[in-house]
Amino acid sequence: MAILVTGGAGYIGSHTVVELLNTNRDIVVLDNLSNSSEVSLERVKKITGKTAKFYQGDILDREILRKIFAENQIDSVIHFAGLKAVGESVQKPLYYYQNNVTGSIVLVEEMLKANVNTIVFSSSATVYGDPAEIPITENCPVGGTTNPYGTSKYMVERILEDTTKAFPQFSAVVLRYFNPVGAHSSGLIGEDPNGIPNNLLPYISQVAVGKLQQLSVFGSDYDTYDGTGVRDYIHVVDLAIGHLKALEKHQDDAGFHIYNLGTGTGYSVLDMVKAFEQSNEIQVPYKLVDRRPGDIATCYSNPKKALEVLGWKTERDLNQMMKDTWNWQKNNPNGYKG
Ligand code: NAD
Ligand code: UFG
């Protein structure tokens, strides 16, 4: 039996495909390459010595989904495919809802027709909005999202929950990621953002490699220990392994299952700059500027449920995150573009 990985050529998807291939699972990837490159899958092959079967196509395209389910013995789907730029989602809400929400509906409809009854979905801590309590447990209220990207994640969660109620054989696992960073220790795969990065670690590493002049630290007057925003950064390989654990536990385990995937520790923006500098012995010039609209002060997880039920916890510390980020960046200054 094989696992279909939608969005498997992307950042988190490619790292998860490596871990899946390492456990000898048969993998089929569907990706439209709208935010990725097929080179990532060639690199996955280099790392694992194994090949994932690749279909270039869209989750909105029923024909290709039917073809994949007909040609392969798929028993579960890990669903990464989606658009993820918060700012762009404000400019192009219909595009985001179409891709992320309609795309997920089409995928689930075709899964049900093909009698494929397990899905693991990439959600985000963004569904908690400005969180009711810190650290955030899975029981915290959700839905107070402030942009179409976040709302699309919340909507898909609800759609999956309702689907498990209507189809008693259906198992949906929602994984709420905190802030994924880092790269595979080989330096062969990593995050390859288009244009100027929105996220902190890609920005820091592009400053370090000399592509950008200095980091702007968005806000130094938050109610945090040094005034800058605090987040729960998680190594992408730990995150990838979380998907394997979720699948192990909930394959054909009908119902709706939710987990936070984070470390449980919050670091500030200035902590991250200092850690990058210390781990890699390289300076990262920065300036303090105004807050970025829509940002919250503090967001970190209580990851206890994933430990208790899945037996999963993070194993890679901040130093490892920083070293692996830099190893990827310095070996691939232009990402997969060579
Ligand atoms: P990514 O952009 O690197 O990967 C997403 C992949 O999906 C890309 O390869 C893209 O080409 C593909 N894709 C997009 N729309 C598609 C479609 N309609 N059909 C087929 N393929 C499509 O992003 P990532 O960081 O690897 O994120 C993976 C998932 O995790 C996304 O759903 C994202 O929203 C979610 N997530 C990411 C973060 C983060 O900070 N990186 C945090 C929380 C949740
Ligand atoms: N930051 C800066 N300068 C930058 C970029 C970020 O100071 O150039 C700060 C932000 O203000 C924030 C922290 O660094 O305090 C982290 O910012 P990111 O953009 O890396 O991450 P966010 O926590 O804002 O957002 C991430 C994902 C979203 C997701 C959200 C909640 O990018 O997709 O987590 O899960 F919705």
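Residues numbered from 1 in each chain as written. Chains lettered and ligands numbered in written order. Predicted model: local features only at pLDDT ≥ 70, side-chain atom pairs only at ≥ 80, totals over all residues. Heavy atoms only, no water.

Brief notes about the pattern of salt bridges
At step 1: Taken as a whole, this structure holds 13 salt bridges when the rule is applied.
At step 2: A salt bridge links Arg62 to Glu109; the nearest nitrogen and oxygen atoms lie 2.5 Å apart. With Arg62 in helix α3 (residues 62-71) and Glu109 in helix α5 (residues 93-113), the pair connects residues that are 47 residues apart, well separated along the chain.
At step 3: With a relative accessible area of 27%, Arg62 lands in the partly exposed category.
At step 4: Between Glu110 and Arg66 there is a salt bridge; the shortest N-O distance is 3.0 Å. On the criterion of sequence distance, the pair formed by Glu110 in helix α5 and Arg66 in helix α3 is long-range, its members being 44 residues apart.
At step 5: Connected through salt bridges with shared partners, the residues Arg62, Glu63, Arg66, Glu109, Glu110 and Lys113 form a single ionic network. (Salt bridge = Lys/Arg side-chain N within 4 Å of Asp/Glu carboxyl O. Helix = DSSP H or I, 4+ residues; strand = E, 2+ residues; numbered from the N terminus. Buried < 20%, exposed > 50% of the residue type's maximum accessible area, 1.4 Å probe, protein only.)

What to know about the packing of helix α1 (residues 11-22) against helix α2 (residues 39-48)
At step 1: One can describe the packing of α1 onto α2 by two numbers: an axis separation of 10 Å at closest approach and a directional angle of 30°. On the basis of their axis angle, the class for α1 and α2 is roughly parallel. Along this stretch, α1 crosses α2, giving a crossing that reads as right-handed. Contacts between α1 and α2 pair Ser14, Val17, Val18, Leu21 and Asn22 from the former with Ser40, Val44, Ile47 and Thr48 from the latter.
At step 2: Per-class residue counts for the contact of α1 with α2 are five nonpolar, four polar and no charged. (Axes fitted to C-alpha atoms, helices over the stretch in contact; angles between N-to-C directions. Parallel < 35°, antiparallel > 145°, perpendicular 65-115°, else oblique. Left-handed = near helix turned anticlockwise from the far one by under 90°. Contact = heavy atoms within 4.5 Å. Nonpolar A, V, L, I, M, F, W, Y, C, P; charged D, E, K, R; others polar.)

Let's talk about the site of ligand 1
At step 1: As a structural note, the neighbourhood of ligand 1 is formed by 26 residues, with Ile12, Asp31, Asn35, Ser36 and Lys84 the closest of them.
At step 2: For ligand 1, a nitrogen atom lies 3.1 Å from a polar atom in the backbone of Ile59.
At step 3: A distance of 2.8 Å is found between a nitrogen atom of ligand 1 and a side-chain nitrogen or oxygen belonging to Asn99.
At step 4: A total of 820 Å² of accessible area belongs to ligand 1 in isolation, and the protein chains cover 95% of it. (Near = heavy atom within 4 Å. Polar contact = N/O pair within 3.5 Å; in protein donor to acceptor, adjacent residues only side chain to side chain. Areas by Shrake-Rupley, 256 points an atom, 1.4 Å probe, with all protein chains shown as cover.)

Focus: the environment of Gly187
At step 1: Relative to the elements of secondary structure, Gly187 occurs in the loop between β7 (179-181) and α7 (200-208).
At step 2: Separated by 46 residues in the primary sequence, Gly187 and Pro141 place their C-alpha atoms 38 Å from one another.
At step 3: Sequence-distant contacts of Gly187, defined by excluding residues within four places in its chain, comprise Asn327, Trp328, Asn331 and Asn332.

Some remarks on the site of ligand 2
At step 1: Around ligand 2, the surrounding shell holds 20 residues, and the nearest of these are Ser124, Asn199, Ser216, Arg231 and Asp295.
At step 2: Taking Asn179, its side chain carries an N or O atom lying 3.0 Å from an oxygen atom of ligand 2.
At step 3: Between an oxygen atom of ligand 2 and a side-chain N or O atom of Arg292, the distance comes to 2.8 Å.
At step 4: Summarising the interface, the protein chains cover 89% of the accessible area of ligand 2, which totals 680 Å² for the free molecule.
At step 5: Those elements that provide at least two residues to the shell around ligand 2 are α7 and β8 (215-218).
At step 6: Classifying every residue of the shell around ligand 2 gives 10 nonpolar, seven polar and three charged.

Regarding the side chain of His235
At step 1: Along the polypeptide, His235 turns up in strand β10 (residues 233-235).
At step 2: Given a relative accessible area of 1%, His235 falls into the buried group.
At step 3: In terms of polar contacts, His235 uses its side chain to reach the side chain of Asp324, at 2.8 Å.
At step 4: Other than its neighbours up to four places away in sequence, His235 contacts Val181, Ala183, Arg316, Gln320, Met321 and Asp324.

Remarks on the confidence of the model for the chain
At step 1: On average, residues of the chain carry a pLDDT of 97, and 100% of them reach 70 or more.
At step 2: Summarising per-element confidence for the chain, the mean pLDDT is lowest in helix α4 (residues 86-91) (95) and highest in strand β1 (residues 2-6) (99). (pLDDT = per-residue confidence, 0-100.)

Thoughts on the packing of aromatic side chains
At step 1: Scanning the model with the defined rule gives three aromatic pairs in all.
At step 2: For the pair Phe276 and Trp326, a centre-to-centre distance of 5.8 Å together with 75° between the ring planes defines the contact as edge-to-face. Taken as a pair, Phe276 in helix α9 (residues 269-280) and Trp326 in helix α11 (residues 318-331) lie far apart in primary sequence, 50 residues in all. Across the pair, Trp326 and Phe276 agree in class, each one buried.
At step 3: Measuring from ring centre to ring centre gives 5.1 Å for Trp328 and Tyr336, while their planes differ by 55°; the resulting arrangement is tilted.
At step 4: A relative accessible area of 4% places Trp328 in the buried class. (Phe/Tyr/Trp six-rings, centres within 6.5 Å; stacked < 30°, edge-to-face > 60°.)

Brief notes about the sheet that holds strand β5 (residues 118-124)
At step 1: Here seven strands make up an open sheet; going across it, the order is β3-β2-β1-β4-β5-β6-β11 and the pairing parallel. Either end of the sheet is taken by a strand with one partner, and the two such strands are β3 (53-56) and β11 (255-261). Averaged over all adjacent pairs, the angle separating strand axes in this sheet is 20°, with direction ignored.
At step 2: On the sheet, α3 packs against β1, β2 (26-31), β3 and β4 (74-79) and is oriented at approximately 160° with respect to β3. (Pairing = 2+ DSSP bridges.)

Some words on unusual backbone geometry
At step 1: Of note, the bond from Ile134 into Pro135 is cis; its omega dihedral lies within 30 degrees of zero at -10°.
At step 2: Here Glu281, not a glycine, exhibits a phi torsion of approximately 50°, which is positive.
At step 3: Relative to the helices and strands, Glu281 is located in the loop between α9 and β13 (286-289).

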